[in-house]
Every structure is written in structure tokens, then in C-alpha cells.
Amino acid sequence: MTALAQGAVPGWLQAGGWGLFAGAALVVGAAIAWTVRVPPRVVASVMAFGAGVLISALAFDLMDEAERTGGLLPTACGFVGGALAYVLANSVLARHGARHRKRSHDRQPTEEHSAGSGAAIAIGALLDGIPESVVLGISLIGGQGVGLPVLAAVFISNLPEGLSSAAGMKQAGRSARYVFGVWIGIAVISGISALLGYLLLSDAAPSVIAVITAIAAGAILAMIADTMMPEAFEETHIFTGLITTVGFLIAFAIERAS
């Protein structure tokens, strides 16, 4: 896994810092959506691009590293298990109003229309971000530095996620306090998740790290298919595949050139 070299800063602190940095993209996206009306097609295009970047990081960093370390069968089991866990949790949240949490249009319900939907949307956004943050923390184990392709993928995908979802929250009548409370809170929790991923797994066997990495990868891929791609396709239509391909190719080039 291509990595940014570590300095004198302790690994656990770096993990927390990089997790917070990646999570901060959500806050930036939300701030843009709150102050400027970004055309939905632009948001969807960035969402499609981010999906391609994430898919590339999954294939050439997370899954490749997990398979080489833990073997094919444990990696496959972890991958499917992570996807299954995400889908089950997401289905529960969807029934409580969080199905369209990444949508920028009028798909998000108001609290009057669906009581408890605000909490469900916040939990859903957290569900989307935790696997990515844990992977960032894991990438620092061994003193090799944070995985550059994974960091870039998480940051790039978080920006349109915060932008699109915050625009939908605003349109649903949710307050600035709620919107920024959600995204700032998730950014902080992202940092904590990365920190815990580093601390709790720093002494784990390589096979255990491989399985957990695969679980996170499966959850991220399910998230892309369930939440990012529908939002992207709704606006970009036939261009979604092309934009996603460009994102994938650029991330692949970064991984190979670094």
C-alpha cells in the first residue's frame, strides 16, 4: 500500500489526525451547500468521480493487501460479511427515514413527515464513514505511513457526500445547528475511529488485520452501490459510468506512480 511517510508524531496521533482530516471534507461540503447553490449535476458528477476513486482504492489497496496478508478465503469471508452487515444496518435505518440521506433534492423527509428521521440520517452518515476511518488507522500500522490512495479516496468521496446530503437536509427544513452538528460530530468520530483502529489492532496478527480490512472494504463497496451511485445516476444518467471510470483511472495512476 502506497503510504505517506511518518515523522516523529506517534502513530496513534497520526491516525486520529488523518481520520479527522478526511472527515473534515464532510464539513467543507456541508458549508458549501449551506452558502452556495451548487447545481445538482455538478454534485452528482463529483459523487460519481468519488465512487470511482473509492472502488480503485478498494481493489488495489485494501483487498490486495488483505489477500496477500490473510489469504483468499478469509479475505472473501470478511468482504462479504462487511457488505452484509452494512446492508442489514442500512435497511433498518432506511425504514426510519434515512434511505435518501445523500440526496440533495426533496427526497429527505422532514421530522414532521417522519419522526426520528433526523437521528436516523445522522446515524446513517456515521455508518457510512466509520469503515473508511478504521481503514485509515489500520494503514498506519507497521510505521509505513497513511495509505495515500485510501486517504485521497475517502477525502474526495466525503466532499460531495457532505455537499449533497447537507443540501437535502437544508431543503427538508433542518436547522444549521443540526446540519453542522451532524457533520462536525461525524468528522470528530472519524478521527476517533481511525485512532481506535490503530490502537486496538496495532498488536493484532496480520491475518486478523487482513480480515478486518476486508470487512471494511465490503462495507464501503456496499455503501457505494447503495447510496453514492443512485445519487450520481439520478443527475448524470448515461455519463455516470464514464465519470466513475475517470475517477477509478486517476486513483489507479496515483497508486502506481507513488
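Residues numbered from 1 in each chain as written. Predicted model: local features only at pLDDT ≥ 70, side-chain atom pairs only at ≥ 80, totals over all residues. Heavy atoms only, no water.

In the nomenclature of an unreviewed UniProt entry, the protein chain corresponds to ZIP family zinc transporter from the organism Mycolicibacterium rufum. UniProt, in its Subcellular location (unreviewed entry) section for the protein chain, records the words "Cell membrane". (UniProt positions renumbered as here; feature names shortened; annotations may be inferred.)

Summarise empty space enclosed by the protein; cite the residues concerned and give the values.
Tallied over the entire structure, the rule returns two cavities of 30 Å³ or more. In this structure, the largest cavity encloses a volume near 60 Å³. Along the walls of the largest cavity sit 14 residues, with Gly 129, Glu 132, Ser 133, Asn 158 and Ser 190 positioned nearest its centre. Breaking the lining of the largest cavity down by element, the ones donating at least two residues are helix H1 (11–35), helix H4 (117–139), helix H5 (148–171) and helix H6 (176–201). With five residues, the top contributor of residues to the lining of the largest cavity is H4. For the lining of the largest cavity, the per-class residue count stands at six nonpolar, six polar and two charged. (1 Å grid on protein atoms, 1.4 Å probe; cavity = no way out; pocket = protein on both sides within 12 Å on 5 of 7 lines; lining within 4 Å. Points joined across faces, edges and corners; volume = space filled by probe spheres on them. Helix = DSSP H or I, 4+ residues; strand = E, 2+ residues; numbered from the N terminus. Nonpolar A, V, L, I, M, F, W, Y, C, P; charged D, E, K, R; others polar.)

Help me get a handle on the packing of aromatic side chains, residues and values and all.
Aromatic rings in a pair are described by how distant their centres are and how their planes are angled relative to each other. Here the structure, examined in full by the defined rule, presents five aromatic pairs. Relative to Phe 248, the ring of Phe 60 has its centre 5.7 Å away and its plane inclined at 65°; by these criteria the two rings are edge-to-face. With a gap of 188 residues between them, Phe 60 in helix H2 (residues 40–70) and Phe 248 in helix H8 (residues 240–257) connect regions that are remote in the sequence. Classification of Phe 248 by relative accessible area gives partly exposed; the value is 29%. (Phe/Tyr/Trp six-rings, centres within 6.5 Å; stacked < 30°, edge-to-face > 60°. Buried < 20%, exposed > 50% of the residue type's maximum accessible area, 1.4 Å probe, protein only.)

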